[in-house]
Amino acid sequence: MKTRPPRRAPWVAYGLGVVALGGVAALGLSAPWDFERQLLWIRGTAWSAFIGLALTLCVSPVGRVLAKRKWFKRASVDRLRRAFGITTAALATAHAALGLTTYLGDSWHLLLELAWVRSGLLAWSVLLALWLTSYPALVKRLRIKLWKPLHRLAFVAFALAAHHALISPFAPRDWVFGTVAVVAAVALLRAVR
Amino acid sequence: MRGWRSQLAVILLAGALWSLYPKANALGLLSAYALAWLILSAARALLPGLFAVELTSTQTVLISLIVAVPPLARATELRSRFLVGEHLEGFEHQLDSRRWLEQTPAIFPPLISADRPQTFYVHAPEASEVSLRVPGPDAISVEATSLGRGLFRLEIDPRELELPARAERLDIELLVDGRPHAREMRFERRLPHPRWLRPSAERSHVVAVSEETDTAYLIDRDARTETIATGDGPVDAWFEGDAAHPDAIVIAHRYDQNLSYVGGGRDQTLDLGCPPVRMAIRGDTTAVVCEGETPELVVLRAREIRRRVTLDYVPQWVALTAAHIVVSSAVPAALHRYERDGSPSGPPLQLGRPPVTMAGDDTTVHVAVTDLQLDGPPHLGNHFIRDQLLRVDVASWRVSHARLTADRTPRQGAPGDLDRGISPMGIDLAPDGALWVAFAGSDDVWRYADGDTLPRRFETEDHPLTTPISAVAMSGGRFAVSSATYGTVGVFSADGELMRLTRFAPGDDELLSEDQHALQLRIGERGFFEGTRSGVSCQSCHPAEASDQTVHNIGDTTLIATLDTRGLYGTPPYLRDGGFPMVGSFDELADTLYRGFLRHQRGRRVSLDTYVTSLPRPTPYRQATGRDDERERRGVEAFVTARCPLCHAFPAFTNLSQHPAAVLFGPEQAARLGSAELDVPTLLGLGQSAPYLLDGRAETLRSVFADHDPAARHGDIAALDERALDDLIYLLEGL
């Protein structure tokens, strides 16, 4: 199979992110009631970010298997993972910004008070830290040596996001469990050497 | 440090840091990890030599195990706090319930009770026909009525289905456009529950009904019994007692909406045209109070309806004196006086809290209440309950005497503990002027001789007569006591010796070997009525497992309208803020805030949960009176147009979620409510659960939308015109 040019892979992730954002914006605009529109935007960006994070975690195990069979270059896998991670963090930031400015309004004190809001905030905080440390120049400048222990927090962010979704008001439980199950199943590919 | 060792180092250091300052939540754990990562990153940058030390695998494992001990010990200690803090306690129940609703076709409630007609809702998007079938040799299908938008209403009378005599689960099939979908429902068939005893004129007999089993029980002073099969939902039975039919028994049926006259040589059924809740007979006058969308007082003489009085409140109890009829209500918490012909007579007598039970004699009515405030709202201390008996002089229409009942004996475990006179449930005014009172919360019966200030006490705890509902004087100085929980009636001698006990339900031993679920229900029911040492029981605020329909100052923070405890199955978490994952969690409250229950009972938490969740919600009035299907369809359309299903999703009319109060009602209202989060309640039973919203600030459904939605987030009501809003309210009232 023909190997894809390495620099094209990230744009797949960025493109998907932009399409997701556009789709969510259009979906929200179709709702006549302000509150429902806000909820659609919040939920749409939330699901985009959650699926993005799931894809980020799946890229390495899948990519490693594909790279082993020479279907993919290892460097492309890393770039794709990074791009999905950045896209995820951006979508999560959009979700957090929408949630804070619309749904929660002025009630920011609830950020730490309510368990489901708190776990969402923690997941976003982790993703933000990972986003900022996803640029080699910045990592070098900050002299970050323990990069992997930091970026393994992506799994923690996923667990927090799943918790956030499961006890939040609207997320269908089967969708959340389905996504978690897929990530867990794909993670097993790490055992493939 | 390379690879997994650096990861291990961060985790171990994080664990150690967390164990020094343990916060039982994800924020605490994540902060510890971040701090550990920062420390190790800085150390690696500043002290590179330190990290040049190479450890063998054995050394690494040993050090790791040693360092991991303190955080693991802390984690074990704080596990339950972590689960509570992160809303993970009882999470599996919530998850099961939410998935039940999200799996279409979905039916709600997921509980079939064999003792009453029930209305179910089915959500089957895109379907045109839905029916329910209980598989079996003579399986009968019940057709559902389509209300549009994928919602179907299913009205079931269990008597028409072939239901098992005993089962905990029931397999049913939902036939959606002919295609079967198997569902497993919880099933409850209750044991006999004889409640209020009514004496014959000579006090030689008493009669009681069991609404759960459609039976009446006749017991004479020698404890000889007769069981009478009744119509559907007997709520009260009295001896007719007039000269023409001294031995006839009159039975009021809630679901058949009639009075049955049994015995005395002339059986007869009289259609009431409304669902009775209580009755009283004196001389030739019978007074019956009915609930329903148009509550009524029906006055009868010589088996003929003489007058129907429409009430602007929902009646609960009725008593007759020589000259008046007295009716009690929860909203307002008051007594209402009428002439014997049914003409209104003066303003209501405000009590502050609704009467729990009531009985009348020639000139007075005696009323049990959980608090008394004649000139304003009830006392608003945290869970304030002060059980007392009121004597109301009907002619002068004032409370002439009030006596507190909750009391202590030398058995008290600590100063101030109460263990007697908790939750008076039944009152009898004997011909000799004595007042007999049964206390369900403390298993005792009191007799106040006329003029005495101190009662004579009889304990029922040693017999299978715990949770006594009613105590009635019989001829020859004897008295009878009923226990609904145990399905028993005992006849006692004048000196308080149990002469004979009649069991209408199996005893504990029999249930232990043959029906452990029923035994667990019985233990849970007893726990529901049992008082705590502070004098408060579940029954105090939830009379007849319903709601006292007033507000209580819960936790000393805010006034909260009492919730109905019926129809909770499948709707966790509980309470207005969704703060309790299980109903049984209230057991902890009793232990921590209310000094514990009077008796030690193993497994109380689970039995209390089993019992309360077994209670079906009240049958909607319209199931008997009929519905305007077309209007309900328009109501569903309005419901969807106003986007109500976003939170009040079909078929449970809730998606079992919680929202910040400030999001729905704005920060000012939220601050006043004192509750950060609000549980989305099911709307089933809404028509019978006024007042509305957390603090009961909306008296009507219309007011919920018109006056109490400042942020315009409680539905897109602006999208509805006046007619659509009327249809929506019609739908909600009939759910």
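Quick notes on the rules
Residue numbering note: each chain is counted from 1, following its sequence as written. Following the order in which they are written, the chains are lettered starting with A and the ligands numbered starting with 1. Owing to the predicted nature of the model, reporting of local features is limited to residues with pLDDT of at least 70; listing and counting of side-chain atom pairs is limited to 80 or more, with chain, interface and lining totals taken over all residues. Each helix is a run of DSSP H or I of at least 4 residues and each strand a run of E of at least 2, with the numbering of both proceeding from the N terminus. Each radius of gyration is computed over the set of C-alpha atoms, and the globule rule expresses the reference value as 2.2 Å times the number of residues to the power 0.38. Three exposure classes are used, all based on how many other C-beta atoms lie within 10 Å of a residue's own C-beta (placed from the backbone): buried at 20 or more, exposed at 12 or fewer, and partly exposed between those limits. This entry defines residue contacts through backbone-placed C-beta atoms, with two residues in contact when those atoms are within 7 Å. Think of it this way: DSSP has to see at least two bridges between two strands before they count as a pair. Only the stretch in contact is used when a helix axis is fitted, and all axes are lines through C-alpha atoms; the angle between N-to-C directions ranges over 0 to 180 degrees. Domain delimitation in this document rests on an assignment produced automatically or drawn from a domain database.

Our focus in this paragraph is the overall build of chain A. Across its full length, chain A holds nine helices and zero strands. What you see in chain A, going N to C, is helices and strands ordered as α-α-α-α-α-α-α-α-α. Its C-alpha radius of gyration of 17 Å places chain A within 12% of the 16 Å reference for a compact globule of 193 residues. Here the C-alpha coordinates of chain A stretch approximately 50 × 35 × 30 Å along the principal axes. Expressed as a percentage of its 193 residues, the buried residues of chain A come to 44%. A sequence separation of at least 24 residues applies to 73% of the contacts in chain A between residues at least 6 apart.

Residue and element names in this part refer to chain B. Pairing is antiparallel across the open sheet formed by four strands, whose spatial order is β18-β19-β20-β21. This sheet does not close on itself; its edge strands, each paired only once, are β18 (276-282) and β21 (304-310). Within the sheet, the average angular offset between the axes of one strand and its neighbour, ignoring direction, is 20 degrees. One ladder, built from six bridges, connects β18 with strand β19 (residues 285-290); its direction is antiparallel. Bridge pairing in β19 places P276 opposite C290.

All names here are of chain B. The peptide bond linking P572 to P573 adopts the cis configuration, its omega dihedral lying at 0 degrees. Looking at where P573 falls in the secondary structure, it is placed in the loop between β39 (558-561) and α8 (586-592). In this chain, F650 is followed by P651 through a cis amide linkage whose omega measures 0 degrees. Here P651 shows up in the loop between α11 (629-641) and β40 (658-660). Despite not being glycine, D443 has its phi angle at roughly 55 degrees, a positive value. With respect to the element layout, D443 can be found in the loop between β31 (435-439) and β32 (444-448). Even without a glycine there, the phi angle at A544 is positive, about 55 degrees. You can see A544 is positioned in the loop between α7 (538-541) and β38 (551-554). The class for A544 is partly exposed, based on 16 C-beta atoms found within 10 Å.

Domain boundaries in chain B define domain 1 (3-86), domain 2 (100-188), domain 3 (517-613) and domain 4 (621-733). Look at where the C-alpha atoms of domain 1 of chain B and domain 4 of chain B centre, and you get two points 49 Å apart.

It is worth spelling out the interface of chain B and chain A at this point. With 33 residues of chain B at the interface, the matching set in chain A holds 35 residues. Broken down by secondary-structure element, the contributors of at least two residues to the side of chain B that touches chain A are α1 (3-20), α2 (26-46), α4 (91-102), β40 and α12 (661-673) of chain B. The element best represented in the side of chain B that touches chain A is α2(B), accounting for eight residues.

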